[in-house]
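Remarks on the overall topology
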Amino acid sequence: MPANIREFNPADALNVNALALRAFEQFQSAYNDWPAFRARVAGMSSLADAGELLVAEIDGQLAGAVAYIGPGKPKPDFFRPEWAIMRMLVVSPDFRGQGIGRALAEKCLQRAKRDKARFFALHTSTIMQVALPMYLRMGFQKALEAPSIYGVEYGVYLKKTA
């Protein structure tokens, strides 16, 4: 069954935050300060304040989430202001392998086109052994290094929208 992707609503906040933690737990040994990183991940729902938070549901269960932040919106300095970006694409371990991550990324890409952004960007790490190959298959290319996060190296990946 394909996921239903919809806009986040405030009632989703606790579930989105818990989902983000479950999605990142597998990487906890890679970060040199997991408690600090965990606290950041646990606030994923706050990205709704910066952009458009999307959630994916299957049979009424939260299966994934992502934040889309359009051109001209505040974003980390390693992204150009005119780029559209996505942040924190997460998929529940219970629902992996069903195309949810790609569907969420595609929804963000559609929004980037809607907003007439010439480029769509994200940042990720080589430790993301499922996500990074998916982004590369989608046509993203590494554009630059991003600051490391608690000892984990990240890169900025970019895709033209047109």
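Refer to the structure printed above.
In this text, all values refer to a predicted model and were calculated from it rather than measured experimentally.

Comments concerning the nonpolar core
Formed by 33 residues in total, the largest nonpolar core has its most connected members in F24 and Y31. For this core, the secondary structure elements donating two or more residues are α1 (13-24), α2 (34-41), β2 (52-58), β3 (61-69), β4 (84-91), β5 (119-124), β6 (141-149) and β7 (152-160). Per-element tally for this core: the top contributor is α1, with six residues.

Some words on the pattern of salt bridges
By the definition in use, this model includes 10 salt bridges. Close ionic contact of R22 with D94 constitutes a salt bridge, the shortest N to O distance being 3.2 Å. Residue R22 is located in helix α1, and its partner D94 is located in the loop between β4 and α3 (100-114); the two are separated by 72 residues in the primary sequence. On the basis of relative accessible area, D94 is assigned to the exposed category, the value being 52%. Of the charged contacts, one joins R114 and E52 as a salt bridge, the two residues approaching to 2.7 Å between their closest N and O atoms. Residue R114 is found in helix α3, and its partner E52 is found in strand β2; the two are separated by 62 residues along the sequence. For R114, a relative accessible area of 44% puts it in the partly exposed group. Here the residues in one salt-bridge network are E7, E52, R111, R114 and D115, joined through shared partners.

Focus: unusual backbone geometry
For D59, which is not a glycine, the phi torsion comes out positive at approximately 50°. Locating D59 in the fold gives a position in the loop between β2 and β3. At M88, a residue that is not glycine, the phi angle is positive and equals roughly 50°. With respect to the helices, strands and loops of the structure, M88 is situated in strand β4.

Cut-offs applied
- Residues numbered from 1 in each chain as written.
- Predicted model: local features only at pLDDT ≥ 70, side-chain atom pairs only at ≥ 80, totals over all residues.
- Heavy atoms only, no water.
- Core = buried A, V, L, I, M, F, W, Y, C linked by side-chain atoms within 4.5 Å.
- Buried < 20%, exposed > 50% of the residue type's maximum accessible area, 1.4 Å probe, protein only.
- Helix = DSSP H or I, 4+ residues; strand = E, 2+ residues; numbered from the N terminus.
- Salt bridge = Lys/Arg side-chain N within 4 Å of Asp/Glu carboxyl O.

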